[in-house]
Amino acid sequence: GLPQDEQVILFSSVDTQAYRKGGTFVAEAVRALKGKTRQPFRLLVVGHRAHDWEKTAGVPVTAFDMVKDDQLLAAIYSAADLFIHPALADNLPNGVLESLACGTPVVAFDIGGVGEAVRQMETGYLARYKDAEDLARGIGLFLDDPDLRRRVGLRCREIAEAEYDMNLQAQRFEDLYRSVIHAG
């Protein structure tokens, strides 16, 4: 049900209003970009209190409460042109990996282990920590350059398959456990 004539920026979190998830920075970045991109955009918000964004975002919003259906979640990531992950603390978040797996570039703060998956201009854009202006710069860059977004989206999928496949992860854990057992 998303309009075809608008680009879609996805922000999701268990609690979309939690300060540590960075929603304040999303709101600031989105307001800074309003009317400044080549094509209109909408914010797609998924998570607890997502509907609160309809009153405060300043741009069109489509809101979903928590999504537990994996197929619907994959469709949401795939429908988005860009995923924003402005968390203030995180390791290697599932949302980033899910976005990569769906071929959707990520704009995130450069914190914790996020930079392992979000590689500057390869799988997305790493903004300076707590810098809404830099976050907006990264978002605008991808919204205004569909060729860049397409190329990076393809690379996202390649990296997700090559480095984050569940079978590969299971094999890595098995190898680690075997090495620990044999070392002891």
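Rules behind the numbers
- Residues numbered from 1 in each chain as written.
- Predicted model: local features only at pLDDT ≥ 70, side-chain atom pairs only at ≥ 80, totals over all residues.
- Heavy atoms only, no water.
- Helix = DSSP H or I, 4+ residues; strand = E, 2+ residues; numbered from the N terminus.
- Rg over C-alpha atoms; globule rule 2.2 N^0.38 Å.
- Buried < 20%, exposed > 50% of the residue type's maximum accessible area, 1.4 Å probe, protein only.
- Contact = heavy atoms within 4.5 Å.
- Areas by Shrake-Rupley, 256 points an atom, 1.4 Å probe, with all protein chains shown as cover.
- Lys, Arg positive; Asp, Glu negative; His and termini not counted.
- Charge placed at Lys NZ, Arg CZ, Asp CG, Glu CD.
- Expected span 1.5 Å × (residues − 1).
- Polar contact = N/O pair within 3.5 Å; in protein donor to acceptor, adjacent residues only side chain to side chain.
- Pairing = 2+ DSSP bridges.
- Right-handed = clockwise from strand over helix to strand, strands pointing away.
- Phe/Tyr/Trp six-rings, centres within 6.5 Å; stacked < 30°, edge-to-face > 60°.
- 1 Å grid on protein atoms, 1.4 Å probe; cavity = no way out; pocket = protein on both sides within 12 Å on 5 of 7 lines; lining within 4 Å.
- Points joined across faces, edges and corners; volume = space filled by probe spheres on them.
- Nonpolar A, V, L, I, M, F, W, Y, C, P; charged D, E, K, R; others polar.

**Let's talk about the overall build of the protein chain**
- Within the protein chain one finds eight helices and six strands.
- Helices and strands appear in the protein chain in the N-to-C order β-α-β-α-β-α-β-α-β-α-β-α-α-α.
- At 17 Å, the protein chain has a C-alpha radius of gyration in line with the 16 Å of a compact globule built from 184 residues.
- Within the span of the protein chain, comprising 184 residues, buried residues form 45% of the whole.
- Put simply, 56% of the contacts in the protein chain that link residues at least 6 apart link residues at least 24 apart.
- Summing over all exposed atoms, the protein chain offers an accessible surface of approximately 9700 Å²; the carbon and sulfur share of this is 52%.
- Charged side chains of the protein chain number 21 positive and 27 negative; the gap between the two group centres comes to 4 Å.

**Structural notes on helix α8 (residues 166–183)**
- The end-to-end C-alpha distance of α8, which contains 18 residues, comes to 26 Å, matching closely the 26 Å that a straight helix rising 1.5 Å per residue would cover.
- Two or three places before N167, at the start of α8, stands the capping residue D165, its side-chain oxygen 2.9 Å from that residue's backbone nitrogen.

**Topic: the pairing of strand β2 (residues 41–48)**
- In terms of burial, β2 is a largely internal element, seven of the eight residues being buried.
- As paired elements, strand β1 (residues 7–15) and β2 share seven bridges and run parallel to each other. If you follow I9 over to β2, its bridge partner there is L43.
- The β-α-β motif built from β1, the intervening helix α1 (residues 23–33) and the parallel element β2 has right-handed crossover chirality.
- Relative to strand β3 (residues 61–64), β2 is paired through four bridges, and the arrangement is parallel. Residue pairing in the sheet places L44 in a bridge with T62 of β3.

**Details of the packing of aromatic side chains**
- Enumeration according to the criterion identifies six aromatic pairs in this entry.
- Geometrically, the ring pair formed by Y77 and F83 is edge-to-face, given 5.4 Å between the ring centres and 65° between the ring planes. Summarising the burial analysis for this pair, Y77 and F83 share the class buried.
- Of the aromatic side chains, those joined through ring pairs into one cluster are Y19, F25, F109 and Y129.

**Quick notes on the layout of surface pockets**
- Of the volumes computed, that of the largest pocket is approximately 600 Å³.
- Looking at the largest pocket, it is lined by 20 residues, and the ones nearest its centre are L97, E98, A101, Y164 and M166.
- Breaking the lining of the largest pocket down by element, the ones donating at least two residues are α3 (70–79), α4 (94–101), α7 (146–163) and α8.
- Of the residues contributing to the lining of the largest pocket, the split by class is ten nonpolar, two polar and eight charged.
- In this structure, the second largest pocket spans a volume of roughly 400 Å³.
- Lining of the second largest pocket is provided by 21 residues; of these, S12, S13, V14, Y77 and G95 occupy positions nearest its centre.
- Elements with a contribution of two residues or more to the lining of the second largest pocket: β1, β2, α3, β4 (82–85) and α4.
- For the lining of the second largest pocket, the leading source of residues is β1, giving four residues.
- Split by residue class, the lining of the second largest pocket holds twelve nonpolar, six polar and three charged.

It is worth stressing that arrangement in space is one thing and function is another; only the former is reported here.
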